[in-house]
Amino acid sequence: MTKKIAVLPGDGIGTEIVAEAVKVLESLRQDFSLAIEMEHALVGGAAYDAHQHPLPPQTLALAKQADAVLLGAVGGHKWETLEIALRPEKGLLGLRSELGLFSNLRPAILYPQLAAASSLKPEIVSGLDIMIVRELTGDIYFGKPRGVRVLDNGEREGFNTMVYRESEIERIGRSAFAAALRRDRRVCSVDKANVLECTELWREVMTRVAKDYPQVTLSHMYVDNAAMQLVRAPKQFDVMVTGNMFGDILSDCAAMLTGSIGMLPSASLDANGKGMYEPIHGSAPDIAGKGIANPLATILSVAMMLRYSLDEPALATRIEIAVNTVLDQGLRTGDIYTPGTKKVGTAQMGDAVVQALRNI
Ligand code: NAD
């Protein structure tokens, strides 16, 4: 059955990098009989300009109907003074909540060819391949009560509530174990169970859910130690699963181990495996329109889409091999360029990946 992909390029470099990812999807359709159809729609600032809203109803309807969503990036200086509800980022948040995307998968992969780009020693990070699974819709970011109150003595006090239900922990746990089954079958659950009751429950539920996945080994780690281990010996991890706040911090830390923001894809999944796929970087207004942005994070997001939503793991691997091939050929966009390699633009990089896909 033909699968429908909603293509939402967004703003800034979003349109440039998504165009290259679409080339890759088009090549899979034509050369490898991938049964897909793609439909484009506006989101973010571009949608505001055309429809006075960052997530117009027609875009939301398309995203809901589709089997998967490919997103570029949103945002830019032009829209920074709009009221918060109309800012481009609200388009993204609206998509996440309307589609029920509670599981955020962020791989941190360091291609050996780019080891010099990391701030850590090459032997610590070369070949790094970890997956951070972050719960996206709960925790202290959404817990109530929240606010700032005035105490009897006139002093102000800020407060937020860390809260997780068993069902929420269980579903993110299942998402992490399912991801581990496609990888090295190890899950490290990150919590602060020595201090926070909420994460004590987290640990208990993870341990229970693990019994349904006997092929996967579960370990637990306190978040402070996890942060330390990520920079000390990151290759010890396969899948890390954690709550919204810890995941927010640890996934950025893990991303930076690789030193190349233009290389990192992400997936946000619902309970049925439908997902939104996007690079982790933003719309990069400083380089937008110059044709120099790195499209590989977006192309690798397509690989994640094939693996997690379209059930085409062989084609996903094919894309990853093609990306490896172009790096082996020495092709580099500006963000990953080092002397001795060949600097190319966005479109040239996309074309090279398509060529490599065909030659594998
Ligand atoms: P950014 O990720 O857009 O850019 C940070 C730096 O990385 C810039 O120097 C940029 O040129 C560079 N960069 C990013 N992606 C690149 C790529 N593919 N190739 C080469 N270089 C790349 O972050 P920012 O500058 O903090 O934010 C810019 C805008 O993007 C803001 O409006 C912000 O709100 C928005 N934003 C959107 C998302 C999203 O859509 N998911 C995420 C983060 C930021």
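Residues numbered from 1 in each chain as written. Predicted model: local features only at pLDDT ≥ 70, side-chain atom pairs only at ≥ 80, totals over all residues. Heavy atoms only, no water.

Peer 1: Can you tell me about the side chain of Thr346, naming the residues and giving the values?
Peer 2: Within the element layout of this structure, Thr346 appears in helix H12 (residues 346–359). Residue Thr346 is classed as buried on the basis of its relative accessible area of 2%. For Thr346, the side chain forms a polar contact with the main-chain oxygen of Ala293, separated by 2.7 Å. Beyond its immediate stretch of four places on either side in the chain, Thr346 contacts Glu16, Glu20, Gly291, Ile292, Ala293 and Pro295. (Helix = DSSP H or I, 4+ residues; strand = E, 2+ residues; numbered from the N terminus. Buried < 20%, exposed > 50% of the residue type's maximum accessible area, 1.4 Å probe, protein only. Polar contact = N/O pair within 3.5 Å; in protein donor to acceptor, adjacent residues only side chain to side chain. Contact = heavy atoms within 4.5 Å.)

Peer 1: Now, about the packing of helix H1 (residues 14–32) against helix H10 (residues 296–308): what can you tell me, with residues and values included?
Peer 2: Where H1 meets H10, the axes come as close as 8 Å, and the angle between the chain directions of the two elements is 45°. It follows that H1 is oblique to H10 by the angle criterion. For H1 against H10, the interelement crossing comes out right-handed. Contacts between H1 and H10 involve Ile17, Val18, Glu20, Ala21, Val24, Leu25 and Leu28 on the former and, on the latter, Thr298, Ile299, Val302 and Leu306. Taken together, the residues that form the contact of H1 with H10 break down as nine nonpolar, one polar and one charged. (Axes fitted to C-alpha atoms, helices over the stretch in contact; angles between N-to-C directions. Parallel < 35°, antiparallel > 145°, perpendicular 65-115°, else oblique. Left-handed = near helix turned anticlockwise from the far one by under 90°. Nonpolar A, V, L, I, M, F, W, Y, C, P; charged D, E, K, R; others polar.)

Peer 1: Could you give me a rundown of the sheet that holds strand S3 (residues 68–73), with the residues and numbers involved?
Peer 2: Pairing is mixed in the open sheet, where 10 strands are placed in the order S2-S1-S3-S12-S11-S4-S5-S10-S8-S9. The open sheet is flanked by strand S2 (36–40) and strand S9 (217–222), the only strands paired with a single partner. Along the sheet, successive strands turn relative to each other by an average axial angle of 20°, direction set aside. With three bridges connecting them, strand S8 (residues 186–191) and strand S10 (residues 239–242) associate as parallel partners. The residue bridging Cys188 from the neighbouring strand is Met240, located in S10. (Pairing = 2+ DSSP bridges.)

Peer 1: Any chance you could break down unusual backbone geometry for me, citing the residues and the numbers?
Peer 2: Following Lys144, the chain continues to Pro145 via a peptide bond in cis, the omega torsion being 5°. If you check the backbone angles, Gln52 has positive phi at about 60° while not being a glycine. Along the chain, Gln52 turns up in the loop between helix H2 (45–51) and helix H3 (57–65). Residues other than glycine seldom take positive phi values, yet Asp311 does so here, at roughly 55°. Within the fold, Asp311 resides in the loop between H10 and helix H11 (313–328). Taking relative accessible area as the criterion, Asp311 reaches 61% and is therefore assigned exposed.

Peer 1: So what about the environment of Leu28? Which residues, and what values?
Peer 2: Along the polypeptide, Leu28 turns up in helix H1. Assessed through its relative accessible area of 0%, Leu28 is described here as buried. The sequence separation of Leu28 and Asp129 amounts to 101 residues, and the corresponding C-alpha distance is 25 Å. Aside from chain neighbours lying at most four places away, what touches Leu28 is Ser33, Leu34, Leu306, Leu315, Ile319 and Leu357.

Peer 1: So what's going on with H11? Residues and values would help.
Peer 2: In a regular helix each residue adds 1.5 Å, so 16 residues correspond to 22 Å; H11 covers 22 Å between its end C-alpha atoms and thus fits that length. Taken residue by residue, H11 has Leu315, Ala316, Ile319, Ala322, Val323, Val326 and Leu327 as its buried positions. The arc enclosing the buried residues of H11, seen along the axis, measures out at 140°, which places them on a common side. Exposed side chains of H11 directed beyond 90 degrees from the buried face belong to Ala314 and Asp328. Check the buried side of H11 and you find it contacts H1, H10, strand S13 (331–332) and H12. (Expected span 1.5 Å × (residues − 1). Arc of directions from axis to C-beta.)

Peer 1: Describe H3, naming the residues involved and giving the relevant values.
Peer 2: Among the residues of H3, Thr59, Leu60, Leu62 and Ala63 are the ones counted as buried. One side of H3 holds all its buried residues, which, seen down the axis, span an arc of 160°. With respect to the buried face of H3, the exposed residues turned more than 90 degrees away are Pro57 and Gln65. Lining the buried residues of H3 we find strand S1 (3–10), S2, S3 and helix H4 (88–98).

Peer 1: I'd love a proper account of the pattern of salt bridges, names of residues and values included.
Peer 2: Throughout the structure, instances matching the rule amount to 22 salt bridges. With a closest N to O distance of 4.0 Å, Asp248 and Arg134 form a salt bridge. Taken together, the residues Asp248 in helix H9 (residues 244–257) and Arg134 in strand S5 (residues 129–135) connect sequence positions 114 residues apart. The salt bridge involving Glu170 is made with Arg174; its shortest N-O contact spans 3.0 Å. Residue Glu170 and its partner Arg174 are both found in helix H6 (residues 166–181); the two are separated by four residues, about one turn of the helix. If you follow the salt bridges from partner to partner, you end up with Glu166, Glu170, Arg174, Arg208 and Asp212 in one network. (Salt bridge = Lys/Arg side-chain N within 4 Å of Asp/Glu carboxyl O.)

Peer 1: Tell me about the domain arrangement of the protein chain, and name the residues and values.
Peer 2: Domain annotation of the protein chain identifies domain 1 (1–102 + 270–360) and domain 2 (106–263). Between domain 1 and domain 2 lies a buried interface of about 1800 Å² when both sides are counted; carbon and sulfur atoms form 67% of it. When the buried surface of domain 1 facing domain 2 is broken down by residue, Phe102, Ile280 and Tyr308 rank first, second and third, together holding 37% of it. Run the count over domain 1 and domain 2 and you get zero salt bridges. Run the count over domain 1 and domain 2 and you get six residue pairs in polar contact (both at pLDDT 80 or more). At six residues, H10 tops the list of elements feeding residues into the side of domain 1 that touches domain 2. Here the residues of the side of domain 1 that touches domain 2 are counted per class, giving 11 nonpolar, three polar and five charged. (Domains from an automatic or database assignment. Buried area = accessible area lost by both parts, 1.4 Å probe.)

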